[in-house]
Amino acid sequence: EVHPVTIHLDNNVPEAFKGAKVTTLVDNDGALEKDADAANRTKQSVANLIKAGRILVTTPGQKLTTKDMFDKKGEPYTGILKYNADGSKTIERVKIAS
């Protein structure tokens with residue numbers, strides 16, 4: 001069994017990503033420190049992906065096509081920064097069917 005842990009990105013990321021929400025799944029068999037550990041690892045991983053250019057940044061209301069999910073070299077992005085209807089931001093994993 002797993003449960004979701006949601007983090008909000010803070011000042012250690014470029015402006016476009018500040019306040020974005022990221023949700024990851026954590027095993028239920030752990031204690032609270034497992035959630036905190038997963039949150040810290042997720043924050044670091046996302047920061048590294050942002051730095052490496054692996055997160056696609058969108059604009060509010062942008063319609064995405066499958067082609068948008070790939071960078072200029074044809075590599076799929078790892079995640080996508082989406083704007084929600086309420087103006088909040090979420091980073092979601094890009095799901096590419098093979």
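This write-up is about the structure you can find in this document. (Residues numbered from 1 in each chain as written. Predicted model: local features only at pLDDT ≥ 70, side-chain atom pairs only at ≥ 80, totals over all residues. Heavy atoms only, no water.)

1. Thoughts on the overall build of the protein
Consideration 1: Broken down by element type, the protein carries one helix and five strands.
Consideration 2: Walking the protein from its N terminus toward its C terminus, one meets helices and strands in the order β-β-α-β-β-β.
Consideration 3: Counting only C-alpha atoms and orienting by the principal axes, one finds that the protein spans roughly 40 × 30 × 25 Å.
Consideration 4: Counting the 98 residues in the protein, one finds 30% classified as buried.
Consideration 5: In the protein, the proportion of contacts linking residues at least 24 apart, taken out of those at least 6 apart, comes to 44%.
Consideration 6: Entry remark: accessible area of the protein is about 6800 Å², with carbon and sulfur atoms responsible for 51%.
Consideration 7: Placing the 15 positive and 13 negative side-chain charges of the protein at their respective mean positions leaves the two points 9 Å apart. (Helix = DSSP H or I, 4+ residues; strand = E, 2+ residues; numbered from the N terminus. Buried < 20%, exposed > 50% of the residue type's maximum accessible area, 1.4 Å probe, protein only. Contact = heavy atoms within 4.5 Å. Areas by Shrake-Rupley, 256 points an atom, 1.4 Å probe, with all protein chains shown as cover. Lys, Arg positive; Asp, Glu negative; His and termini not counted. Charge placed at Lys NZ, Arg CZ, Asp CG, Glu CD.)

2. A few points about the nonpolar core
Consideration 1: Counting residues in each nonpolar core, the largest one holds 15 residues, and the members touching the most others are Leu9, Phe17, Ile50 and Ile91.
Consideration 2: Those elements that provide at least two residues to this core are strand S1 (2-8), strand S2 (21-27) and helix H1 (32-51).
Consideration 3: If you tally residues by element for this core, the top one is H1, at four residues.
Consideration 4: Of all hydrophobic cores here, the second largest spans five residues; its members include Leu56, Met69, Tyr77 and Val94. (Core = buried A, V, L, I, M, F, W, Y, C linked by side-chain atoms within 4.5 Å.)

3. Some details on the pairing of strand S5 (residues 89-93)
Consideration 1: Here strand S4 (residues 79-83) pairs with S5 via five bridges, running antiparallel. Bridged to lysine 82 within S5 is threonine 90.
Consideration 2: Here S4 folds back onto S5 in antiparallel fashion, the turn holding five residues, of which glycine 87 has a positive phi close to 90°. (Pairing = 2+ DSSP bridges.)

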